[in-house]
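What follows is the residue order along each chain.
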Amino acid sequence: NIHEIRIPARELWVPDMEVYNAESYGHGSFSDTMHRMRNHYAIVYSSGKVLFIPPTNLKVRCMEDEGGEYPWGEYSCNLKIGPWTHSSLAFDLQPYDGKKYIELHNLDSPMVFTENSFQNDPLVKKVYDCCPETYASIEYKFKVQRQFKFGENGMEKNPNEVKPFKDSMIQY
C-alpha cells in the first residue's frame, strides 16, 4: 500500500535538462542545480513517475511590448526547457500535472502573468537532421506586468493594469 517514497535526488538518474534561453549558465544555474546540487529529495510514485523540483534561481530575458510605458507596460517572455542530449526514447517529458501554464502560488511579487499568457501548447516535439529520434522541450510563452512599485512616495499602483491571467482562460 505504498504509493510514494522520497529518495535523495543524488541517488536517481537525472536527465541533462537545460533552460535553453537562460540569462546565465554556470554556478547556481538550473543545470548546475539539477546535476551538482542534488541534495534535495525527489518523490517516486508507485506508477513509476518521478517528481523532482529543486530550488533554483532561474532568469530569462523578457522584452517590453511595443508601446509599453516603462515600468508599467507588459513584457513578453518565454521559458524553454528540455534535455540537452537525451531524446524522447530516454524519458517522457511532459508539463507537470498536464497543466499548460506555470503555477505560481503564494509568491510575494509585484509582477503577475497577464491575460494574454499561455495561449500555446507548451509541449514541442522536434526531429533533427542528424537523428531519427524525437526530442521534446517545453516552451511557455507568457506576458508579465508590474502591479506596483515602491518609489519616493511609497507604494505606487500601476495606472495601466492589464487583467491578470487565470487558468480558466486557457482554450486549446
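Residues numbered from 1 in each chain as written. Predicted model: local features only at pLDDT ≥ 70, side-chain atom pairs only at ≥ 80, totals over all residues. Heavy atoms only, no water.

With respect to the overall build of the protein chain
Filter applied, for reference: Helical segments are the DSSP runs of H or I of at least four residues, strand segments are the runs of E of at least two, and each set is numbered from the N terminus. A simple rule labels every residue: compare its accessible area, found with a 1.4 Å probe on the protein chains alone, to the largest value its type can have, and call it buried under 20%, exposed over 50%, or partly exposed in between. Pairs of residues are marked as contacts when any of their non-hydrogen atoms sit within 4.5 Å. For this count, His and the chain ends are skipped, Lys and Arg are scored as positive, and Asp and Glu as negative. Charge positions come from single atoms, namely NZ of Lys, CZ of Arg, CG of Asp or CD of Glu.
Secondary structure summary: the protein chain contains one helix and 11 strands in total. Overall, the C-alpha framework of the protein chain stretches about 55 × 40 × 35 Å when taken along its three principal axes. When the 172 residues of the protein chain are sorted by exposure, 35% land in the buried category. At a minimum sequence separation of 6, the contacts of the protein chain that also span at least 24 residues come to 67%. Charge-centre separation for the protein chain: the mean point of 19 positive side chains lies 3 Å from the mean point of 24 negative side chains.

Considerations on the sheet that holds strand E1 (residues 4–8)
For clarity, the cut-off: We call two strands paired when DSSP finds no fewer than two bridges between them.
Spatially, the three strands line up as an open sheet ordered E1-E3-E4, and their pairing is antiparallel. Two strands bound the open sheet, and with one partner strand each, they are E1 and strand E4 (50–51). By the bridge criterion, two bridges tie strand E3 (residues 41–45) to E4 in an arrangement that is antiparallel. Paired with Ile43 across the two strands is Leu51, which belongs to E4.

Focus: the pairing of E3
Relative to E3, E1 is paired through five bridges, and the arrangement is antiparallel. When the sheet's bridge partners are listed, Arg6 is paired in E3 with Ile43. Linking E3 back to E4 in an antiparallel pair, the connection comprises four residues, with Gly48 at a positive phi of about 105°.

Focus: the state of the cysteines
Threshold: The term disulfide is used for any two cysteine sulfur atoms that are within 2.5 Å.
Scanning the entire structure with this criterion turns up two disulfides. Along the protein chain, the cysteines engaged in disulfide bonds are linked according to the scheme 1-2, 3-4 when indexed in sequence order.

A few points about the packing of aromatic side chains
The line we're drawing: The pairing test for Phe, Tyr and Trp rings, Trp by its six-membered ring, is centres within 6.5 Å, and the orientation test on the planes gives stacked under 30 degrees, edge-to-face over 60, and tilted for anything in between.
A full pass over the atoms with the stated rule returns 10 aromatic pairs. Seen from their ring centres, Phe118 and Phe142 are 5.6 Å apart, and the 25° between their planes marks the pair as stacked. Linking Phe118 in the loop between strand E7 (111–113) and strand E8 (123–127) with Phe142 in strand E9 (residues 134–146), this pair joins segments that are 24 residues apart in sequence. Look at Tyr128 and Tyr135: their rings are 5.7 Å apart centre to centre, the planes differ by 70°, and that puts the pair in the edge-to-face class. Judged by its relative accessible area of 39%, Tyr128 is partly exposed. The buried category is assigned to Tyr135, whose relative accessible area is 16%. Connected via pairs of aromatic rings, a cluster forms that spans Tyr101, Phe113, Phe118, Tyr140, Phe142 and Phe165.

Things to note about the pairing of E8
As paired elements, E8 and E9 share five bridges and run antiparallel to each other. Looking at the pairing, Lys125 lines up with Ala136 of E9. Linking E8 to E9, which pair antiparallel, is a turn of six residues.

Digging into the pattern of salt bridges
Worth spelling out the cut-off: Here, a salt bridge means any Lys or Arg side-chain nitrogen found within 4 Å of an Asp or Glu carboxyl oxygen.
Scanning all chains against the criterion turns up seven salt bridges. Asp97 is the partner of Lys99 in a salt bridge, and the nearest nitrogen-oxygen pair spans 3.9 Å. Relative accessible area serves as the criterion here: at 58%, Asp97 is assigned to the exposed category. A single network of salt bridges, built from pairs that share partners, joins Asp97, Lys99 and Glu103.

Describing the environment of Pro122
Within the secondary structure, Pro122 sits in the loop between E7 and E8. Accessibility expressed as a relative area gives 0% for Pro122, which makes it buried. Taking the C-alpha atoms as reference points, Pro122 and Tyr101, 21 residues apart in sequence, are found 7.9 Å from one another.

Re the side chain of Gln145
Note the cut-off: We define a polar contact as two N or O atoms separated by no more than 3.5 Å, with the added condition that, inside protein, one atom must be a possible hydrogen donor and the other a possible acceptor, whereas residues neighbouring each other in sequence contribute only through side-chain atom pairs.
Here Gln145 is to be found in strand E9. The buried category is assigned to Gln145, whose relative accessible area is 2%. At 2.9 Å, the side chain of Gln145 and the backbone oxygen of Trp72 are in polar contact. Residue contacts for Gln145: discarding those within four places in its chain leaves Trp72, Gly73, Glu74, Pro110, Met111, Val112, Thr114, Asn158, Asn160, Glu161 and Val162.

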